Amino acid sequence: MNSSNPFKNLKADFPASIVVFFVALPLCLGIALASGAPPISGLISGIIGGIIVGIISGSHIGVSGPAAGLAAIVFAAIASLGFKDFLVAVVLAGVIQILFGVLRLGIIGYFFPSSVIRGMLTGIGIIIILKEIPYFFGYDPVKGEGTFAAIASTFSNINMGSTVVGIIGIAILLLWQNILTKKAKIFQLIQGPLVAVIVGIIFYIILGGSESLGIPTENLVEVPLTEDFDSFKKLFVFPNWSVITNPEVLVTAFTIALVASLETLLCVEATDKLDPLKRVTPTNRELIAQGAGNMVSGLIGGLPITQVIVRSSANIQSGGKTKMSAIIHGFFLLISIILIPTLLNKIPLAVLAAILFLVGYKLAKPSTFKKIWDSGWMQFVPFIVTVLLIVFKDLLWGIGIGLAIGIIITLFKSYQNSHFLHKERGGNDNTVKMTLAEEVTFFNKATILKELDSLPRDTYLELDVRKTSYLDYDVIEILDDFKEKAQNRNISVKLISERGTVENPESYLEFFKLRQKQTS
């Protein structure tokens, strides 16, 4: 494919960009709603994700924009800092991501256990669902009202029009997802979320003035109108740089950078697998692209950006070939806020809530809980702790404690388990064979010492280190100390290595030093 000519595949990229635009438009508005941010901020970040990130990124079919996975962080940060102070954190997060890319930390995702990453995504999915319940039923939460308090207030403030249009929206989404997309390609090109939004607008136009099914204006999207260049300039909000040294801003920036990078890298991995041409995205360049996008987004009033699997998969399914489809969809979003803001302001928030219910459900499917439960307690404990702390505390606590528990479990099993030390009886009753694994660290000291001390008198020990590429100095010390104990208990040792065998070696330390020199 000739990358020097970006228009070569325009015949495939242009139709795909239209589909991606129709998917992105309701999601940009919905994620802004879930984040407690102005709707225009979601559209701004969608534009930046398409155009700026699209141009810099090395991904051929990945599409970036505001991400549901960051909604919980953004909501808490805006509530605590205010929107202008929060924008400073977004810009700084972009700087940190660029630094990640320059330092070649594109492999950062591999340092987090999959149980913690799944727990993070599941917890975020649950939070999205909980936060959208009030909007679905037509209740606009009071500023500063907690998630569970808002849900409690919802059921005494239900708006029937919002509720009905929300239920219709969910019905359309389920019908599209489970039945229609399997019937004909047209239903893959025209996406369910767009149809739900159009039906919601029609519902409001026809029944907006109805006494029983009317929807108040506070339960509609509110995008500023752009009648001229001056009003267009007012769409943008700029950061309050006076708080740049505020510790809370710095912590928020690092949290956004870390989570956005993880979410992007997970999406890149999934998107590359879906790419029919099996192209590989350079992850370090992707982090730099995302960082640049977040810097620009934060500078003009947008939300944090990541590569997003929903838009990326829609791009692939629609036949997108190059990054031009992502870039063009960004221009379509820009045109929409200039030409049709009045129409956007007729979208009921309940429809966006319905869309986000499905987004949250996909992140927190019950099958995920079952799958991880079936994987064993070592996977389930860090997963469920991460989920609970994210839902009832905050995301940073969830990831941090989940990661700590994952590490503790690994260290405990390493200490407790003898995977590093396989012991078997030989053909002779008094022969014991021990085979050390590929890597033996100081965490295995206690296990190895216990096994050696438990050997009975008159044992013939065959110690096989042929597979061992790394043996910690602390473990070698234990073997050297064991020599005297072995003599006192009439235990003979045969050391088996790739160099041959040694009976009762004089010094294990010297042996392994020599062995290391020969293999290096």
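Note: the structure precedes this text.
Residues numbered from 1 in each chain as written. Predicted model: local features only at pLDDT ≥ 70, side-chain atom pairs only at ≥ 80, totals over all residues. Heavy atoms only, no water.

Examining helix α13 (residues 309-317)
If you check which residues of α13 are buried, you get R311, S312, S313, A314, N315 and I316. Those residues of α13 that are buried are in contact with α1 (10-34), β1 (64-66), α11 (247-274), β2 (305-307) and α14 (324-339). Looking one or two residues past α13, G319 carries a phi angle of roughly 90°, positive in sign. (Buried < 20%, exposed > 50% of the residue type's maximum accessible area, 1.4 Å probe, protein only. Helix = DSSP H or I, 4+ residues; strand = E, 2+ residues; numbered from the N terminus. Contact = heavy atoms within 4.5 Å.)

Focus on the state of the cysteines
Two cysteines form a disulfide when their sulfur atoms are joined by a covalent bond. Under the defined criterion, the tally for this structure stands at zero disulfides. In this structure C28 is not part of a disulfide, and its nearest cysteine sulfur, from C267, lies 14 Å away. Look at C267 and you get buried, because its relative accessible area is 6%. (Disulfide = S-S within 2.5 Å.)

Observations concerning the packing of helix α2 (residues 39-56) against α14
Angle between the axes and distance between the axes are the two parameters that describe a pair of packed helices. Running from amino to carboxyl end, α2 crosses α14 at an angle of 150°, the nearest separation of the two axes being 7 Å. Taken together, the axes of α2 and α14 are roughly antiparallel relative to one another. α2 and α14 meet at a crossing whose hand is left-handed. The segment α2 lies against α14, with I40, L43, G46, I47, G50, I51, G54 and I55 engaging A326, I327, H329, G330, F331, L333, L334 and I337. Here the contact of α2 with α14 is built from residues that sort into 11 nonpolar, five polar and no charged. (Axes fitted to C-alpha atoms, helices over the stretch in contact; angles between N-to-C directions. Parallel < 35°, antiparallel > 145°, perpendicular 65-115°, else oblique. Left-handed = near helix turned anticlockwise from the far one by under 90°. Nonpolar A, V, L, I, M, F, W, Y, C, P; charged D, E, K, R; others polar.)

Overview of the side chain of T122
Note on placement: T122 falls in helix α5 (residues 114-136). Separated by 2.8 Å, the side chain of T122 and the backbone oxygen of R118 make a polar contact. Sequence-distant contacts of T122, defined by excluding residues within four places in its chain, comprise L363, A364, T368, F369, F383 and V387. (Polar contact = N/O pair within 3.5 Å; in protein donor to acceptor, adjacent residues only side chain to side chain.)

Remarks on a nonpolar patch on the surface
A cluster of nonpolar side chains, namely I335, I338, L339, I340 and L343, defines an oily patch on the protein surface of about 420 Å² accessible area. Of all the elements, α14 adds the most residues to the nonpolar patch, at three residues. Here I340 lies in the loop between α14 and α15 (341-344). For I340, a relative accessible area of 30% corresponds to the partly exposed category. (Patch = residues over 30% accessible without salt bridge, like charges linked within 9 Å, V, L, I, M, F, W, Y side chains within 5 Å. Areas by Shrake-Rupley, 256 points an atom, 1.4 Å probe, with all protein chains shown as cover. Salt bridge = Lys/Arg side-chain N within 4 Å of Asp/Glu carboxyl O.)

Topic: unusual backbone geometry
Even without a glycine there, the phi angle at N490 is positive, about 55°. Tracing the backbone through its elements, the reader meets N490 in the loop between α21 (473-488) and β8 (492-497). Residue classification places N490 among the partly exposed positions, given a relative accessible area of 45%. Of note in the backbone geometry, N504 takes a positive phi value of approximately 45° without being a glycine. With respect to the secondary-structure elements, N504 resides in the loop between β9 (500-503) and α22 (508-519).

Concerning the packing of aromatic side chains
If you walk through the whole model with that rule in mind, you get 12 aromatic pairs. Both rings, one in F21 and one in F332, keep their centres 5.8 Å apart while their planes meet at 50°; by these two values the pair is tilted. Taken together, the positions of F21 in helix α1 and F332 in helix α14 put the pair 311 residues apart, joining distant regions of the chain. What makes F21 buried here is its relative accessible area of 11%. A centroid spacing of 6.2 Å and a plane angle of 35° characterise the contact between F83 and F86, whose relative ring orientation is tilted. With F83 and F86 both in helix α4 (residues 83-102) and three residues apart, this pair spans about one turn of that helix. No difference in accessibility class separates F83 from F86, as the two residues are buried. An aromatic cluster is defined as three or more aromatic residues linked by ring pairs; in this entry it consists of F14, F21, F22 and F332. The side chain of K131 reaches across the aromatic face of F75, ending 3.7 Å from its centre. (Phe/Tyr/Trp six-rings, centres within 6.5 Å; stacked < 30°, edge-to-face > 60°. Lys NZ or Arg CZ within 6 Å of the ring centre and 35° of its normal.)

Overview of the pattern of salt bridges
Opposite charge on two side chains lets them pair, provided their charged atoms get close. Per the counting criterion, the structure on display carries six salt bridges. One salt bridge in this structure joins E269 and K273, with 3.8 Å as the shortest N-O distance. Linking E269 with K273, this pair stays in helix α11, spanning four residues, or about one helical turn. Between R279 and D275 there is a salt bridge whose closest N-O contact spans 2.9 Å. The exposure classification of R279 matches that of D275, with both residues buried.

Brief notes about the environment of L455
Structurally, L455 is set in the loop between α20 (445-453) and β6 (460-464). According to the relative accessible area criterion, L455 is buried, its value standing at 5%. C-alpha separation for the pair L455 and R489, spaced 34 residues apart in sequence, amounts to 9.1 Å.

A short note on the packing of α1 against helix α16 (residues 349-363)
Here α1 crosses α16 at 90°, and the two axes come no closer than 9 Å. The pairing of α1 with α16 is recorded here as roughly perpendicular in orientation. Contact residues: P26, L27, L29, G30, I31, L33 and A34 in α1; L349, L352, A353, I355, L356 and V359 in α16. The class makeup of the residues in the contact of α1 with α16 is 12 nonpolar, one polar and no charged.

Looking at the side chain of D275
Locating D275 in the fold gives a position in the loop between α11 and α12 (283-300). Classification of D275 by relative accessible area gives buried; the value is 2%. Polar side-chain contacts of D275 include one of 3.1 Å to the backbone nitrogen of L277. Setting aside residues up to four positions removed in sequence, D275 forms contacts with I61 and I316.

With respect to the nonpolar core
Counting 99 residues, the largest nonpolar core has L29, L43, F86, L333, I347, L352 and L395 as the members making the most contacts within it. Excluding anything up to four places from it in sequence, I347 contacts L29, V197, I201, N219, L220, V221 and L352. With 23 residues, the next largest nonpolar core counts V432, I476, L479 and F511 among its residues. (Core = buried A, V, L, I, M, F, W, Y, C linked by side-chain atoms within 4.5 Å.)

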